[in-house]
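# Chain and residue survey
Here is what each chain is made of, one letter per residue.
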Amino acid sequence: MTETVLSETPAEGVRQITMNRPDRRNALDRATYQGLIDALAAADADASVRAVVLTGAGGCFTSGNDIKDFAAAAATGVGAEIAIDFLTAISTAKKPIVAAAEGFAVGIGTTMLLHCDLAFAGRSASFRMPFVSLGLCPEGGSSYLLPLIAGSKRAAELLMLGEPFGPEVAQDAGLINGVTDEGGALAAALEKARALAALPPQSVALTKSLLKRGSAAAVAETIGTEARHFGERLKSAEAQAAFLAFLTKR
Ligand code: COA
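Report on the accompanying structure. It should be emphasised that the depicted structure is a prediction, and the values quoted were computed from it without experimental measurement. (Residues numbered from 1 in each chain as written. Predicted model: local features only at pLDDT ≥ 70, side-chain atom pairs only at ≥ 80, totals over all residues. Heavy atoms only, no water.)

### A look at the overall build of the chain
Within the chain one finds ten helices and eight strands. Here the chain has a C-alpha radius of gyration of 17 Å; the compact-globule value for 250 residues is 18 Å, and the two agree. Principal-axis analysis of the C-alpha atoms gives the chain an extent of 50 × 40 × 35 Å. A buried classification covers 51% of the 250 residues belonging to the chain. (Helix = DSSP H or I, 4+ residues; strand = E, 2+ residues; numbered from the N terminus. Rg over C-alpha atoms; globule rule 2.2 N^0.38 Å. Buried < 20%, exposed > 50% of the residue type's maximum accessible area, 1.4 Å probe, protein only.)

This is the structure:
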């Protein structure tokens, strides 16, 4: 397990997984994606784990994919494969996942919430899916799931314009269950995770799988289709110019 992903047991039956690169606003590099994939697999494999809490260190959820890795894609040919592996892992995880977001939740930091069963955010959390302004396209099944839960107009607004939005909009769009005081998201998530952990685990798992059943095939197909386009977009002149602009702006 890499140190950029922390796994701990804050309460009986609850596994807390923390994205931990605070100096990079918890940007997800390959090691961090692999750590998350491993942590989710370990939680699913461990019968003592009844619920998972997913959060970020340092008052930030995650600033999304590490842009240095994206910028290297044109030269190395290594694209977003491990991000797709993570999205597949989180979208097919068996144990209930409760997200706790403070600060920034950008790109995959927002789209991964679509795959969490419950999510809470602090009052000053900021969400954003800036795929178009980065010359990219939606990922993580968001082009299917967001119109489904938020409506097509709201989804177009959030995915095409890609402007930042606050927790009230995120709640209205169905991305989170509730807004807490600043710094209170983790406590809210842990409370719900403890409640889930106290329930009959087979019934919880069955209910999760039934809730996902209707959309699972479409989500998997969309993640794959988006990934093919995303991989091409990563190498495009539009995207490479946007990455360079971010990496050289300071
Ligand atoms: N990839 C790589 N590095 C990142 C990063 C990312 N996604 N997000 C932040 N960082 C780095 C910054 O370059 C900065 O590095 P530096 O200290 O060497 O200058 C450091 O993390 C702190 O980020 P900073 O931008 O100074 O923090 P902030 O609080 O002012 O802003 C964000 C936070 C998240 C709004 C801003 O960092 C941002 O927009 N990041 C990019 C988000 C993004 O586009 N993600 C990809 C989506 S597909």
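### Observations concerning the pairing of strand β1 (residues 5-11)
Pairing of β1 with strand β2 (residues 14-19), which is carried by five bridges, proceeds in the antiparallel orientation. Bridge pairing in β2 links Glu8 to Gln16. (Pairing = 2+ DSSP bridges.)

### Here's the deal with the environment of Glu191
In this fold, Glu191 is placed in helix α8 (residues 185-197). The sequence separation of Glu191 and Ala239 amounts to 48 residues, and the corresponding C-alpha distance is 41 Å.

### Digging into helix α2 (residues 67-76)
When α2 is considered as a whole, its buried residues turn out to be Ile67, Asp69, Phe70 and Ala73. Mapping the buried residues of α2 onto a view down its axis gives an arc of 160°, with all of them on the same face. For α2, the exposed residues set more than 90 degrees away from the buried face come down to Lys68 and Ala75. The inward-facing, buried residues of α2 abut α1 (30-45), α9 (201-234) and α10 (237-247). N-capping of α2 is provided by Asp66, with a side-chain oxygen placed 2.8 Å from the backbone N of Lys68. Remark: Gly77 follows α2 within two positions and exhibits a positive phi of approximately 80°. (Arc of directions from axis to C-beta. Contact = heavy atoms within 4.5 Å. Polar contact = N/O pair within 3.5 Å; in protein donor to acceptor, adjacent residues only side chain to side chain.)

### Some details on the side chain of Glu139
Mapping Glu139 onto the fold places it in the loop between β7 (126-128) and α5 (142-150). Within the buried set, Glu139 has no salt-bridge partner at all; the shortest N-O distance to an opposite charge, 13 Å, is to Arg128. In contact with Glu139, other than residues within four places in its own chain, are Leu87, Gly107, Ile108, Thr111, Phe131, Glu226 and Phe230. (Lys, Arg positive; Asp, Glu negative; His and termini not counted. Salt bridge = Lys/Arg side-chain N within 4 Å of Asp/Glu carboxyl O.)

### A short note on the environment of Ala119
Secondary-structure assignment places Ala119 in strand β6 (residues 118-122). A relative accessible area of 1% means that Ala119 is categorised as buried. Put simply, Ala119 and Leu234 are 115 residues apart on the chain and 29 Å apart in space, counted from C-alpha to C-alpha. Sequence-distant contacts of Ala119, defined by excluding residues within four places in its chain, comprise Ala99, Leu113, Leu175, Ile176, Asn177 and Gly178.

### A few points about the pairing of strand β4 (residues 97-101)
With five of five residues buried, β4 lies mostly within the body of the structure. In β4, alternate side chains face the same way, and those of Ile97, Ala99 and Ala101 on one face and Val98 and Ala100 on the other are all buried. Pairing of strand β3 (residues 51-56) with β4, which is carried by four bridges, proceeds in the parallel orientation. Bridged to Val52 within β4 is Ile97. In this structure, β4 lies alongside β6, joined through four bridges in parallel fashion. Counted as the bridge partner of Val98 is Leu118 from β6.

### Examining the nonpolar core
One finds Leu54, Phe61, Phe86, Met112, Phe127, Leu136 and Leu146 to be the most contacted residues of the largest nonpolar core, which totals 61 residues. Judged by nonpolar contacts, the second largest core, of 15 residues, contains Ala51, Val53, Leu190 and Ala193. (Core = buried A, V, L, I, M, F, W, Y, C linked by side-chain atoms within 4.5 Å.)

### Quick look at helix α6 (residues 152-161)
Those residues of α6 that sit buried are Ala155, Leu158 and Leu159. Projected down its long axis, α6 shows its buried positions confined to an angular sector of 85°, all on one face. When the buried face of α6 is taken as reference, the exposed residues oriented beyond 90 degrees from it are Lys153, Met160 and Leu161. Residues of α6 that are buried in the fold lie against α5. Note on α6: the residue one or two positions beyond its end, Gly162, has a positive phi of about 65°.

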